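Breakdown of the fold
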Amino acid sequence: RLGSVIAYFTSAKFLLYLGHALSTWGDRMWHFAVSVFLVELYGNSLLLTAVYGLVVAGSVLLLGALIGDWVDKNSRLKVAQTSLIVQNSSVILCGIILMIIFLFKTQLLTLYHGWLLTLCYILVITIANIANLASTATAITIQRDWIVVVAGEDRSKLADMNATIRRIDQLTNILAPMAVGQIMTFGSPMIGCGFISGWNLMSMCVEYLLLWKVYQKTPTLAHKSAKVEASELKQLNVKKESDMKPAEGVQLIIEKDVTAFEPQQEKEVGCAARIAEPFITFRDGWVAYYNQPVFLAGMGLAFLYMTVLGFDCITTGYAYTQGLSGSVLSLLMGASAVTGILGTVAFTWLRRKCGLIRTGLISGVAQFACLILCAISVFMPGSPMDLTVSPFADISARLFENEPLPTIASPEPEMIFATGMPNLLNGSIAPANGDPEMSPESVPLISVSLLFAGVIAARVGLWSFDLTVTQLLQENVIESERGIINGVQNSMNYLLDLLHFIMVILAPNPEAFGLLVLISVSFVAMGHIMYFRFAQKSLGKQLFVCHTPDPKAAPDSSPPGNTSTV
């Protein structure tokens, strides 16, 4: 028994989990802290945080396909190590720059009329954005490629590994911000910068070693399929449609190994062709994504990002305006992590009982049913929704009546450090229940309670559905295109996420939040309708027939190969 325990702790699977845990812990600490640092630096205004969020979303949206293409064209170890070093080095450099700004902010303000300080802000946002792009590359290569190779042909093992990765994500989402928040609360922002820089330096060294060990223990990681040309891909799809058997493994399409190719002389490429290459890659990536048999499933997942019904700064800021304290919100976030972990457990159980595609259907129905509570909450006592108030009243007042830009009130910085919940709805962390004389305690909590009950319960279906689509992409995208297809999927996710922030910017007042809730529920419904259409095409008349599939074959997880029908 001791030998089996030691074997597990030294296996490639466990080392992959350990590396992912270290990586996500550092990621979550940084993503939480950088927003707070920018708020603290810019006179307690949300301007820099908003600019940072916009730059990050826009960069992944535009460069997602290019990052994925780079992942596809290079060896697995090179991609993983390069993205790891770039990501952690960028965070360390950012931390050092932020420490310098915190120490010498007064002096920097006086130099060159404050332009040097502005340059520092631009530098921080640029480097932080590079770190995020490198993090995207890491996520694509480890979570969408390495994990498939380590799992081999065993789909049940792949499902279990995906679920474990998500459980790690759920725990670090809660614990990492709490840890760094406490450090900044009882220490200072500068100490927080130093801690995060030190953590990333240590983590980078350990993760680098873990990647090397996983690579050594999994010889198949050294072999990577070559990029398949469009004409060859069309022929392969025809072959897959006519010859594919349900019991074939994860790799459903016959691929060419890089080692099988003779080295070819590189053709001379002109300057114009080099300039056009990124644009052609961008176009080809989106076309390839559209032609995937799992296109509708991926789009369904992306539509779930167009929502305010999550534990981001939007919904938590709204909750604070309705009288919920920071401690209560922290407990609610903890509850959402628990239900998210339950979602990963439900995924593995449902997949064994009903198959992968049906698991997505059941998860979608469960999520939407829970979100009905959120829609009902809009019309319950305590809801500030007022259709007589224009959703654009707040923004038009600022544009045409020269009202000052929103700022975060400075008396309670520990509230931000402890929970990371500045209110983006009205730009202030002071409660705003419509009536300035009304205290938070006097607001009925029925509406906000139903809202969060629905959001928390829906996490079970949400994470189960997320895992379903993730595994569908892993199993049905050919190895040579995993990077670019998942890069475009990330771009789609960011696009819908960006639209949800634009929606909030256009209607930021609490009276309009009810409308945002109803729009969010509608987009979730549309996402699941797309998935239903995908499932209908894949399973046909067997759609609602639940059975226990062969754990390694899982025939119902393989959609038809004719991409022209999607």
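Residues numbered from 1 in each chain as written. Predicted model: local features only at pLDDT ≥ 70, side-chain atom pairs only at ≥ 80, totals over all residues. Heavy atoms only, no water.

A few points about the pattern of salt bridges
Scanning all chains against the criterion turns up 10 salt bridges. The salt bridge partner of Glu475 is Arg155, with a shortest N-O separation of 3.3 Å. Linking Glu475 in helix α16 (residues 446-476) with Arg155 in helix α6 (residues 155-186), this pair joins segments that are 320 residues apart in sequence. The same class applies to Glu475 as to Arg155, namely buried. One salt-bridge network, held together by shared partners, links Arg28, Arg166, Asp169 and Asp466. (Salt bridge = Lys/Arg side-chain N within 4 Å of Asp/Glu carboxyl O. Helix = DSSP H or I, 4+ residues; strand = E, 2+ residues; numbered from the N terminus. Buried < 20%, exposed > 50% of the residue type's maximum accessible area, 1.4 Å probe, protein only.)

A look at the environment of Phe368
Mapped onto the secondary structure, Phe368 falls in helix α13 (residues 356-377). The class for Phe368 is partly exposed, based on a relative accessible area of 32%. Separated by 154 residues in the primary sequence, Phe368 and Ser522 place their C-alpha atoms 9.6 Å from one another. Excluding residues within four positions of it along the chain, Phe368 makes contact with Val521 and Ala525. (Contact = heavy atoms within 4.5 Å.)

Comments concerning the environment of Tyr42
Mapped onto the elements, Tyr42 comes out in the loop between α2 (12-41) and α3 (47-73). You can call Tyr42 partly exposed: its relative accessible area is 35%. Separated by 76 residues in sequence, Tyr42 and Thr118 have C-alpha atoms that sit 9.9 Å apart. When neighbours within four sequence positions are excluded, Tyr42 is seen to be in contact with Leu47, Leu48, Lys105 and Tyr121.

A few points about the environment of Ile97
For Ile97, the location among the structural elements is in helix α4 (residues 76-110). A residue is classified by how much of its surface remains accessible, and Ile97, at 11% relative accessible area, is buried. Expressed as a C-alpha distance, the spacing of Ile97 and Tyr121, which sit 24 residues apart in the sequence, is 9.3 Å. Other than its neighbours up to four places away in sequence, Ile97 contacts Leu123, Val124 and Ile127.

Some words on a nonpolar patch on the surface
A contiguous nonpolar surface patch, about 280 Å² in accessible area, is contributed by Tyr42, Leu47, Val51 and Val55. As for its placement among the helices and strands, Val55 is situated in helix α3. For Val55, a relative accessible area of 30% translates into the label partly exposed. (Patch = residues over 30% accessible without salt bridge, like charges linked within 9 Å, V, L, I, M, F, W, Y side chains within 5 Å. Areas by Shrake-Rupley, 256 points an atom, 1.4 Å probe, with all protein chains shown as cover.)

Re the nonpolar core
With 71 residues, the main nonpolar core has Val308, Leu309, Phe452, Val517 and Tyr531 as its most contacted residues. In contact with Phe452, other than residues within four places in its own chain, are Phe311, Thr315, Ala319, Leu324, Leu329 and Leu332. Met29, Leu38, Tyr52 and Ala131 belong to the second largest nonpolar core, which has 31 residues in total. (Core = buried A, V, L, I, M, F, W, Y, C linked by side-chain atoms within 4.5 Å.)

What about the packing of α2 against helix α7 (residues 189-217)?
Where α2 meets α7, the axes come as close as 9 Å, and the angle between the chain directions of the two elements is 155°. As far as their axial angle goes, α7 and α2 are roughly antiparallel. At the point where α2 passes α7, the crossing takes the left-handed sense. (Axes fitted to C-alpha atoms, helices over the stretch in contact; angles between N-to-C directions. Parallel < 35°, antiparallel > 145°, perpendicular 65-115°, else oblique. Left-handed = near helix turned anticlockwise from the far one by under 90°.)

Observations regarding the confidence of the model for the protein chain
A low pLDDT score tells you not to read the predicted coordinates there in detail. The predicted model of the protein chain averages 80 in pLDDT, with 77% of residues at 70 or higher. Per-residue pLDDT, averaged within each element of the protein chain, yields its smallest value for helix α8 (residues 230-243) (40) and its largest for helix α10 (residues 295-303) (97). A low-confidence stretch, residues 229-267 (pLDDT under 50), is modelled with 55 contacts involving residues beyond four sequence positions or located in other chains. Scored below 50 in pLDDT, residues 403-442 shows 96 contacts in the model against residues more than four places distant or in partner chains. (pLDDT = per-residue confidence, 0-100.)

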